[in-house]
Amino acid sequence: PIALSRGDKRIALYPSDHFKVTYSISYDHPLLRHQSRTLRITEETFIDEVAPARTFTFLKDVEMLRQNGLALGGSLENAVVLGETGVLNNALRFEDEFVRHKILDAVGDLALVGHPVIGHLVAHRAGHALHTEFAAKILDEAQAWRLVETPADAAASASAIPSTVSAPRL
């Protein structure tokens, strides 16, 4: 296992036969107090259960984000905005859309490793900064993982079908 924590934020990667993410979030907000979700990430689950989850922010933070040059592409159509008592725009796409979006963030940030990952990623309140620091830690701890050939690569080699680029996994 590889693990990293900063205060109450933590992230770890454990051995597994497939890529799975368990993520939990906790906010001081009536709608977001605690959400947790575990998903095995496949092309289908990513398309159907992760990719549609929109980013979110709190109404009280919108002006500060804009003043700091952040969230400039954000709109009421592509983000969920939370007021004191609930969602101010649109309906949620999933009851747990917030934690699903955090899974989306983690999957995207883990792409910085440069190879698909086979393992169980477990994160609590991690966020982009910890995700990206963790991706670097994975690369630094080369003794904790190995590159493996995927079954699809092996099948292509065995059948003499030329393969353009091998897709190794951690």
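All figures in this text were calculated on a predicted structure; none of them were measured in a lab.

K.L.:
Talk me through the environment of Gly 83; I want residue IDs and the actual numbers.
P.N.:
Within the fold, Gly 83 resides in the loop between strand 6 (79–82) and helix 3 (97–110). If sequence neighbours within four positions are ignored, Gly 83 has contacts with His 29, Leu 59 and Leu 88.

K.L.:
Could you give me a rundown of helix 4 (residues 127–140), with the residues and numbers involved?
P.N.:
If you check helix 4, its first and last C-alpha atoms are 20 Å apart, about what 14 residues at 1.5 Å a residue would give, namely 20 Å. For helix 4, the complete set of buried residues consists of Gly 127, Leu 130, His 131, Phe 134, Ala 135 and Ile 138. The arc enclosing the buried residues of helix 4, seen along the axis, measures out at 145°, which places them on a common side. Residues Ala 129 and Asp 140 are exposed on helix 4 and point more than 90 degrees away from its buried face.

K.L.:
Requested: an account of the pairing of strand 2 (residues 9–14), with residues and values cited.
P.N.:
Sheet topology places strand 1 (residues 2–6) next to strand 2; five bridges connect them, and they run antiparallel. Looking at the pairing, Ala 3 lines up with Ala 12 of strand 2. In this antiparallel pair of consecutive strands, strand 1 and strand 2, the connection spans two residues, and Gly 7 shows a positive phi of 65°. Where strand 2 lies against strand 7 (residues 119–124), five bridges are found, and the strand directions are antiparallel. Counterpart to Arg 10 in the pairing with strand 7 is His 124.

K.L.:
Summarise the sheet that holds strand 4 (residues 34–40); cite the residues concerned and give the values.
P.N.:
Strand order in the open sheet formed by five strands is 1-2-7-3-4, and the pairing between neighbours is mixed. Each edge of the open sheet is held by one strand with a lone partner, namely strand 1 and strand 4. Direction aside, the axes of adjacent strands within the sheet are offset by 5° on average. Lying on the sheet, helix 4 is in contact with strand 1, strand 2, strand 3 (19–26) and strand 7; it crosses strand 1 at an angle near 145°.

K.L.:
How would you explain the pattern of salt bridges if you had to name every residue and give the values?
P.N.:
A full pass over the atoms with the stated rule returns nine salt bridges. The closest approach of N and O atoms between Arg 37 and Glu 49, which form a salt bridge, is 3.3 Å. One end of the pair, Arg 37, is in strand 4; the other, Glu 49, is in helix 1 (residues 43–50), and twelve residues separate them in sequence. The partner of Asp 96 in a salt bridge is Arg 37, and the shortest N-O contact between them spans 3.3 Å. Placement of Asp 96 in the loop between strand 6 and helix 3 and of Arg 37 in strand 4 is noted, with a sequence separation of 59 residues between them. According to the relative accessible area criterion, Asp 96 is buried, its value standing at 12%. A network of salt bridges, in which partner residues are shared, links Arg 37, Glu 49, Asp 96 and Arg 100.

K.L.:
Mind laying out the nonpolar core, listing which residues take part and the relevant values?
P.N.:
Among the nonpolar cores identified, the biggest contains 31 residues, and Tyr 23, Leu 121 and Phe 134 are the most heavily contacted of them. At the level of elements, strand 1, strand 2, strand 3, strand 5 (55–58), strand 6, helix 3, strand 7 and helix 4 are the ones that each hand at least two residues to this core. Of the residues forming this core, the biggest block, six residues, is contributed by helix 3. In this structure, Leu 121 is in contact with Ile 11, Ala 12, Leu 13, Phe 19, Lys 20, Val 21, Thr 22, Ala 106, Leu 110 and Phe 134, ignoring residues within four places of it in sequence.

Thresholds, definitions, all that
Residues numbered from 1 in each chain as written. Predicted model: local features only at pLDDT ≥ 70, side-chain atom pairs only at ≥ 80, totals over all residues. Heavy atoms only, no water. Helix = DSSP H or I, 4+ residues; strand = E, 2+ residues; numbered from the N terminus. Contact = heavy atoms within 4.5 Å. Expected span 1.5 Å × (residues − 1). Buried < 20%, exposed > 50% of the residue type's maximum accessible area, 1.4 Å probe, protein only. Arc of directions from axis to C-beta. Pairing = 2+ DSSP bridges. Axes fitted to C-alpha atoms, helices over the stretch in contact; angles between N-to-C directions. Salt bridge = Lys/Arg side-chain N within 4 Å of Asp/Glu carboxyl O. Core = buried A, V, L, I, M, F, W, Y, C linked by side-chain atoms within 4.5 Å.

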